[in-house]
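What the coordinates show
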Amino acid sequence: MQKIVTASSQPIVRTDWQHALPVLSGGRVALRELRPEDAASLCALLGTEEVARFISPPPTTVEGFERFIQFAVTQRAAGEHICFAVTVEAFDTAIGIFQVRRLDASFHLAEWGFAIGSPFWGTGVFEESAELVLDFAFATLGVHRLEARAAVLNGRGNGALRKIGAVQECVLRCSFLRNGVWLDQALYAVLDGDLLARKTHGLAARRLH
């Protein structure tokens, strides 16, 4: 049985995520397990040049996304990797994804990545989805350190990570090959203590107002 996880509920109830991902529900978004029928919308939204410019190349066909979805489900069952489909209120079609993969045997160290269809940029969908994924990663997966990489030239991606509290730690020179060109990447991290401090500070600020 899946359990609902909301952005405001603390502590988050632990779930058997290797059996099935829970639905992460926010005010405007819901994150859920990928489904085969998501392939068409993800291909249309994530395959554009503006979305794919600074990320690892996504599949170029619906069939390619279907294979990716099956791979994600298999990896989740093995405890290696999770991938949420992002949907918006009253619109159950996938408009983006969030991925988290483990970097050590315990899932204490992990890396995340994300892609959102450009029609939903600047709408708050990313921020709300990211907060839900952070809560899930730290409270349910038991992550201690969550890393992300963003091409230095990707101003939007770097700004999005900073906005949700990720700290840039260094620049990895010529670490990402895209269209035959080696790009520098910024390495960001969020620690479990960072998330707790942000939530405590936000609660205190709300009380003051």
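Small disclaimer: the values here were computed from a predicted structure and weren't measured. (Residues numbered from 1 in each chain as written. Predicted model: local features only at pLDDT ≥ 70, side-chain atom pairs only at ≥ 80, totals over all residues. Heavy atoms only, no water.)

1. What to know about the environment of isoleucine 97
In this fold, isoleucine 97 is placed in strand 5 (residues 91-102). When the C-alpha atoms of isoleucine 97 and glycine 113 are compared, they prove to be 8.3 Å apart, with 16 residues separating the residues in sequence. With residues near it in sequence (within four places) discarded, isoleucine 97 still touches Leu34, Leu42, Leu46, Phe68, Cys83, Phe84, Val86, Gly113, Phe114 and Ala115. (Helix = DSSP H or I, 4+ residues; strand = E, 2+ residues; numbered from the N terminus. Contact = heavy atoms within 4.5 Å.)

2. Section: the pairing of strand 8 (residues 167-178)
Alignment of strand 8 against strand 9 (residues 181-191), held across eight bridges, turns out to be antiparallel. If you follow cysteine 170 over to strand 9, its bridge partner there is leucine 187. Counting the residues between successive antiparallel strands, the hairpin from strand 8 to strand 9 contains two residues, one of them, asparagine 179, with a positive phi of roughly 55°. (Pairing = 2+ DSSP bridges.)

3. Description of the pairing of strand 5
Along any regular strand the residues' side chains alternate between the sheet's two faces. Pairing analysis gives seven bridges linking strand 4 (residues 81-88) to strand 5, with the strands arranged antiparallel. Note on strand 5: the bridge partner recorded for histidine 81 is arginine 101. Linking strand 4 to strand 5, which pair antiparallel, is a turn of two residues; within it alanine 90 sits at a positive phi near 65°. Sheet topology note: the strand 5/strand 6 (residues 109-116) ladder contains seven bridges and is antiparallel. If you follow isoleucine 97 over to strand 6, its bridge partner there is alanine 115. Between strand 5 and strand 6, which pair antiparallel one after the other, the connecting turn spans six residues, and phenylalanine 107 there sits at a positive phi close to 70°.

4. Observations concerning the environment of proline 36
Within the fold, proline 36 resides in the loop between strand 3 (29-33) and helix 1 (39-46). Proline 36 sits in the exposed class, given a relative accessible area of 57%. Once the C-alpha coordinates of proline 36 and phenylalanine 68 are considered, the two residues, 32 residues apart in sequence, prove to be 9.4 Å apart. (Buried < 20%, exposed > 50% of the residue type's maximum accessible area, 1.4 Å probe, protein only.)

5. Examining the packing of aromatic side chains
Within this structure, the stated rule accounts for seven aromatic pairs. Between phenylalanine 84 and phenylalanine 136, the aromatic rings sit 5.3 Å apart at their centres with planes inclined by 90°, giving edge-to-face as the arrangement. You can see phenylalanine 84 sitting in strand 4 and its partner phenylalanine 136 sitting in helix 4 (residues 125-139), a full 52 residues away along the chain. The same class applies to phenylalanine 84 and to phenylalanine 136, which are both buried. Aromatic side chains tryptophan 112 and phenylalanine 114 sit 5.6 Å apart centroid to centroid with 75° between the ring planes, which places their arrangement in the edge-to-face category. When its relative accessible area of 22% is taken as the criterion, phenylalanine 114 is described as partly exposed. (Phe/Tyr/Trp six-rings, centres within 6.5 Å; stacked < 30°, edge-to-face > 60°.)

6. Looking at the confidence of the model for the protein chain
Looking at the protein chain, pLDDT values average 89 and 86% of them are 70 or higher. Under a pLDDT of 50 for its full length, residues 1-13 has, in the predicted model, 30 contacts with residues more than four places off or in other chains. (pLDDT = per-residue confidence, 0-100.)

7. Concerning the pattern of salt bridges
Tallied over the full model, the rule gives eleven salt bridges. A salt bridge links aspartate 92 to arginine 32; the nearest nitrogen and oxygen atoms lie 3.2 Å apart. On the criterion of sequence distance, the pair formed by aspartate 92 in strand 5 and arginine 32 in strand 3 is long-range, its members being 60 residues apart. We classify arginine 32 as buried; its relative accessible area is 6%. (Salt bridge = Lys/Arg side-chain N within 4 Å of Asp/Glu carboxyl O.)

8. Focus on the nonpolar core
Within the largest apolar cluster, 40 residues are counted, with the highest numbers of intra-cluster contacts made by Val100, Trp112, Leu141 and Leu146. Among the elements of the structure, strand 3, strand 4, strand 5, strand 6, helix 4, strand 7 (145-151), helix 5 (155-163) and strand 9 are those that each provide at least two residues to this core. Of the residues forming this core, the biggest block, nine residues, is contributed by helix 4. Formed by 15 residues, the second largest nonpolar core is a distinct cluster that contains Leu34, Cys43, Leu46 and Ile69. (Core = buried A, V, L, I, M, F, W, Y, C linked by side-chain atoms within 4.5 Å.)

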